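Residue-level structure breakdown
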Amino acid sequence: VVYIRVTLGVQEDENQDGSQGAQMASGSGVILSPDGYIVTNNHVVENANKIEITTNDHRNFIAKVIGTDPNTDLALIKINAAGLPVVKLGNSDAVKVGEWVLAVGNPFNLTSTVTAGIVSAKGRGIGIIGHQDEQEQKEDPFGQTPVSHRAPRVNTGIESFIQTDAAINPGNSGGALVNTRGELIGINSAIASHTGSYEGYGFAIPINLAKKVLSDIEKYGSVKRGYVGVSFQELNPDVSSALHIDKTVGLYVHQVAPGSGAAEAGLQHGDIITKVDGKTVYESSDLEEPVARLQPGDAINLTVSRDNEEKNISVTLESSAGNLGKSTASSTSSEELYNKLGAEFEPLNADQKAQFNIDSGVMVISVKPGQMFDETQIPAGSVVTA
């Protein structure tokens, strides 16, 4: 595990002698190859003018960015070196809740720090990737603002974090989460905190997801990502009650993009995705992470509930998510509504109007955290009639 020191640019404030000082910050990284490939977080090296690496044996290097993936908050960087010690990659799918793990990194500029804990949860989505606005990025380039303090925006991030209670603090970003065999199972990325420091919840990107992303970056310079072509909503008892459906577990399909892999496979509005490759779907990450590991042209097997009958559907992933059936004008209108009200809507179909015994209205299909609909506690699944 290496110490990363980044120069971000020139501050607006001047020093006492009238000169302008560079803005500095720090993070961590993990060596993947003897010749100097290193994985870290995208938010560690984003907007960096200079990246300095210090190894555990106190050698110093200048690194260059090979490529980044903001959607998973991963980055691959490289130093010119030989004979570096290499981490052994583990299998994050095999990680068990309750398993002991170690976090290795450089919190608060304290180099080579190791903390211990257990895996608290898997497949956790916390709505953090892609949610910093420009001001927060300037003040907090290394994700050190507490999760609860971030200003969310439309989220394009892929989140399926390993949650751990091993102490992770600012500066740990990009460091290693390893099992008791010393195998890398995750890249430490975020904390949930009201103070900005450790309060018992840290989050790491699973290494099985990172393997695909980093391999693409090394081969192509960017990530080749496939898309199913649906918009969906995670079910729970409240959402299911609002939608008047019996199932309380799975992903409710709101829209299917014309020409997408989902459309060609026959997915429809109102379908409920209950399994992905035979594994029960409990939350969004149960679909998002398996898809994120695949390439365009690969197939994924979905089990779908329709009219209380389950059927297996094979979806070939496309290189584009599609338009989800919106015209340019309606997309602009929807985006404006989303930004102003903090919610996304779709018109009620005839069956839904009959269910609610109303003539017109729109259903809330997603709610933006921290905005009007969220603050007034109008959840997804609500119907606006006037």
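Now for a look at the structure at hand. (Residues numbered from 1 in each chain as written. Predicted model: local features only at pLDDT ≥ 70, side-chain atom pairs only at ≥ 80, totals over all residues. Heavy atoms only, no water.)

1. Thoughts on the overall build of the protein
Keep this limit in mind: For helices the rule is a DSSP run of H or I covering at least 4 residues; for strands it is a run of E covering at least 2, with both sets numbered from the N terminus onward. Between two residues, a contact is recorded if the distance between any of their heavy atoms is within 4.5 Å. Only the protein chains shown count as cover for residues, with accessible areas throughout obtained via the Shrake-Rupley method and a probe of 1.4 Å.
Looking only at helices and strands, the protein features nine helices and 22 strands. When contacts within the protein are restricted to residue pairs at least 6 apart in sequence, long-range pairs at least 24 apart make up 60% of them. If you sum the accessible surface of the protein, you get close to 18,200 Å²; carbon and sulfur atoms cover 48% of it.

2. Side note on the packing of aromatic side chains
Remark: the centre distance and the inter-plane angle together describe each pair of aromatic rings, the angle taken between the planes. Applied cut-off: Working definition: rings of Phe, Tyr and Trp (its six-membered ring) pair if their centres are within 6.5 Å, and the pair is stacked with planes under 30 degrees apart, edge-to-face with planes over 60 apart, and tilted otherwise. Accessible area is worked out with a 1.4 Å probe on protein chains only. A residue is then buried under 20% of its type maximum, exposed over 50%, and partly exposed in between. In this scheme, Lys NZ or Arg CZ marks a charge over a ring once it lies within 6 Å of the ring centre and within 35 degrees of the ring normal.
Scanning the entire structure with this criterion turns up two aromatic pairs. A ring pair is formed by F161 and F203, whose centres lie 5.9 Å apart and whose planes are at 55°; its orientation type is tilted. Of the two residues, F161 is situated in strand β10 (residues 161-164) and F203 in strand β13 (residues 202-206); the sequence distance between them amounts to 42 residues. F161 sits in the buried class, given a relative accessible area of 1%. Measuring from ring centre to ring centre gives 5.6 Å for F345 and F373, while their planes differ by 75°; the resulting arrangement is edge-to-face. Remark: F373 occurs in helix α9 (residues 372-375) and F345 occurs in strand β20 (residues 343-347); sequence separation between them is 28 residues. In this structure, F345 and F373 share a single accessibility class: buried. It is K224 that lies over the ring of Y220; its NZ or CZ is 5.3 Å from the centre.

3. Here we look at the pattern of salt bridges
Selection rule: When a carboxyl oxygen of Asp or Glu lies within 4 Å of a side-chain nitrogen of Lys or Arg, that pair is called a salt bridge.
This model, assessed by the stated rule, comprises eight salt bridges. Note that R293 is salt-bridged to D93, the shortest N-O span being 2.6 Å. Residue R293 is located in the loop between α6 (285-292) and β18 (299-306), and its partner D93 is located in the loop between β7 (88-89) and β8 (100-105); the two are separated by 200 residues in the primary sequence. Each of K88, R181 and E183 takes part in one network of salt bridges that share partners.

4. Re the nonpolar core
Applicable threshold: Nonpolar cores were defined as sets of buried Ala, Val, Leu, Ile, Met, Phe, Trp, Tyr and Cys residues, with membership established by side-chain atoms within 4.5 Å.
Core analysis: the biggest nonpolar cluster contains 23 residues, and L74, L184 and I187 have the highest contact counts within it. For this core, the element with the most residues is helix α3 (residues 207-220), which contributes six residues. Sequence-distant contacts of I187, that is, excluding residues within four places in its chain, are made with V30, V39, N41, L74, G174, G175, F203, A204 and I205. Ranked by size, the runner-up nonpolar core spans 19 residues in total, among them A262, L267, V281 and L287.

5. A short note on the sheet that holds β20
Our working rule: DSSP bridges decide pairing: two strands pair if at least two such bridges lie between them.
Strand order in the open sheet formed by three strands is β20-β21-β22, and the pairing between neighbours is antiparallel. Looking at strand neighbours, the two that pair on one side only are β20 and β22 (383-384), the edges of this open sheet.

6. A short note on α3
Put simply, the rule is: Take the residue count of a helix, subtract one, and multiply by 1.5 Å to get its expected span.
Between its terminal C-alpha atoms α3 stretches 19 Å, which fits the 20 Å expected from 14 residues at 1.5 Å a residue. Of all the positions in α3, only I207, N208, L209, A210, K212, V213, L214, D216 and I217 are classed as buried.

7. Examining the environment of S222
Within the fold, S222 resides in the loop between α3 and β14 (230-234). Judged by relative accessible area, which is 33%, S222 ranks as partly exposed. For the pair S222 and D69, spaced 153 residues apart in the sequence, the C-alpha separation amounts to 7.1 Å.

8. Describing the environment of D359
Relative to the assigned elements, D359 resides in the loop between α8 (350-356) and β21 (362-367). With 26 residues separating them in the primary sequence, D359 and T385 have C-alpha atoms 8.7 Å apart.

9. Structural notes on unusual backbone geometry
In this structure, D73 is a non-glycine residue whose phi angle is positive, near 60°. Structurally, the position occupied by D73 is in the loop between β5 (60-69) and β6 (74-78). Residue classification places D73 among the buried residues on the basis of a relative accessible area of 8%. Of note in the backbone geometry, H244 takes a positive phi value of approximately 60° without being a glycine. Topologically, H244 is positioned in the loop between α4 (237-243) and β15 (251-256).

10. Thoughts on the pairing of strand β12 (residues 183-191)
Judged by how many residues are buried, β12 sits mostly within the fold: nine of nine residues are covered. Relative to β12, β7 is paired through two bridges, and the arrangement is parallel. What sits directly across from L89, in β12, is L184. The pairing of strand β11 (residues 176-179) with β12 spans three bridges and is classified as antiparallel. Each bridged residue has a counterpart across the sheet, and for V178 the counterpart in β12 is L184. Where β11 folds back on β12, the antiparallel hairpin that results is connected by three residues, among which G182 adopts a positive phi of roughly 80°. With five bridges connecting them, β12 and β13 associate as antiparallel partners. Bridge pairing in β13 links I191 to G202.

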